[in-house]
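Residue-level structural notes
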Amino acid sequence: MAVLEVKDLHKQFGQTEILRGIDLSVNKGDVTSIIGPSGSGKTTFLRCLNFLESADKGTMQFDCMTLDMPAVTKKQILEIHKRTAFVFQNYNLFANKTALQNVTQGLITVRKMKRKDAEEVGMKMLKRVGMDDRASYYPIQLSGGQQQRVAIARALAGDPDIIYFDEPTSALDPELIGEVLKVMQSLASEGLTMLVVTHEMSFARDVSAHTIFMEGGKIVEEGPSKELFAHPSKQRTEEFIRRIEK
């Protein structure tokens, strides 16, 4: 069953058309990876889906909500944000707050949860990503991989229907990438619905149920991950995968 369906999504900046009519369907409990060269529109696409950017054209079906994306209201955006989460490339943690405070901030200020209850949820989420022993640490005291795991805990805290990941390992040193991917793989095994923009081909191939290859603001090819990686039907997809996997 699809938790998210998008049809004919367009976005341009000035005279440059970034997204050129994208259709997407994400099933509940699935991990979907988006791969493709830099500049193909992957991050813009993800940001439009969570209304961090405004689409110029397109419709969205999110669970029981049907949205005309360019005409979406603030109330509708707030409802979407309550039911989704976004993990950024560069963590976006508050430097003056501890790991636990970063996780609980949204629960207290947006969801009006009592601090004690929020901290209980926060500790559970930090434990889920292996960071409960660093709850009192500030971002500057944490490695990049640890900061990203805190960011994932923050995303989990709101119990979202879907989490968007925008290249969550791209800012990390190579030796720290594995710890973040391990957490994401664990979440996938729990049945969390995730849409992931990634350059980590092994994650897309082995963890994702479905992979989308984008280039030039369009979907070139998509399909079951293992099938797409083993037998891509488009030459451009094959060229990209072979080059990245070298």
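Quick summary incoming for the structure in this document. (Residues numbered from 1 in each chain as written. Predicted model: local features only at pLDDT ≥ 70, side-chain atom pairs only at ≥ 80, totals over all residues. Heavy atoms only, no water.)

**So, the environment of A209**
- Along the chain, A209 turns up in the loop between helix 7 (201-206) and strand 9 (210-215).
- Spatially, the C-alpha atom of A209 lies 20 Å from that of I152, the residues being 57 residues apart in sequence.
- Excluding residues within four positions of it along the chain, A209 makes contact with D30, V31, G223, P224 and S225. (Helix = DSSP H or I, 4+ residues; strand = E, 2+ residues; numbered from the N terminus. Contact = heavy atoms within 4.5 Å.)

**Re the sheet that holds strand 6 (residues 84-87)**
- An order of 6-7-8-3-9-10 is seen for the 6 strands of this open sheet, with the pairing classed as mixed. For this open sheet the edge positions go to strand 6 and strand 10 (218-224), each flanked by a neighbour on one side alone. Geometrically, the sheet is characterised by an average inter-axis angle of 15 degrees between neighbouring strands, direction not taken into account.
- The pairing of strand 3 (residues 31-35) with strand 9 spans 4 bridges and is parallel. Along strand 9, the bridge assignment pairs S33 with T211.
- Against the sheet, helix 1 (residues 42-49) engages strand 3, strand 6, strand 7 (162-166), strand 8 (194-197) and strand 9, with an angle of about 150 degrees to strand 7.
- Across the face of the sheet, helix 5 (residues 144-157) comes into contact with strand 6 and strand 7 while running at roughly 170 degrees to strand 6. (Pairing = 2+ DSSP bridges. Axes fitted to C-alpha atoms, helices over the stretch in contact; angles between N-to-C directions.)

**A few points about the sheet that holds strand 2 (residues 16-27)**
- Here we have 4 strands laid out as an open sheet, ordered 2-1-4-5, and antiparallel in their pairing. The sheet is open, and its two edges are formed by strand 2 and strand 5 (65-68), each paired on a single side. With strand direction ignored, the average angle separating the axes of adjacent strands in the sheet is 10 degrees.
- Both strand 4 (residues 57-62) and strand 5 contribute to a ladder of 4 bridges, which runs antiparallel. Note on strand 5: the bridge partner recorded for F62 is M65.
- Contacts between helix 1 and the sheet are confined to strand 1 (2-13), strand 2 and strand 4, with strand 1 contributing the most and set at about 120 degrees to the helix.
- Of the strands in this sheet, strand 4 and strand 5 are in contact with helix 2 (residues 74-83), which crosses strand 5 at around 125 degrees.

**Some thoughts on the packing of helix 5 against helix 6 (residues 174-189)**
- With their axes 8 Å apart at the nearest point, helix 5 and helix 6 run at an angle of 20 degrees to one another. The angle between helix 5 and helix 6 falls in the class roughly parallel. Helix-helix and strand crossings are classified by hand; for helix 5 and helix 6 the assignment is right-handed. Taking contact as the criterion, the partners of G144, G145, Q146, Q148, R149, I152 and L156 in helix 5 are, on helix 6, L176, E179, V180, V183, M184 and L187.
- Class assignment for the residues of the contact of helix 5 with helix 6 results in 7 nonpolar, 4 polar and 2 charged. (Parallel < 35°, antiparallel > 145°, perpendicular 65-115°, else oblique. Left-handed = near helix turned anticlockwise from the far one by under 90°. Nonpolar A, V, L, I, M, F, W, Y, C, P; charged D, E, K, R; others polar.)

**Topic: the pairing of strand 6**
- Residues T84 and F86 of strand 6 are buried on one face, and the alternating residues A85 and V87, pointing to the opposite face, are buried as well.
- Here strand 6 runs beside strand 7; their pairing, made up of 4 bridges, is parallel. Paired with F86 across the bridge in strand 7 is Y164. (Buried < 20%, exposed > 50% of the residue type's maximum accessible area, 1.4 Å probe, protein only.)

Such coordinate-based values are descriptive only and should not be taken to indicate function.
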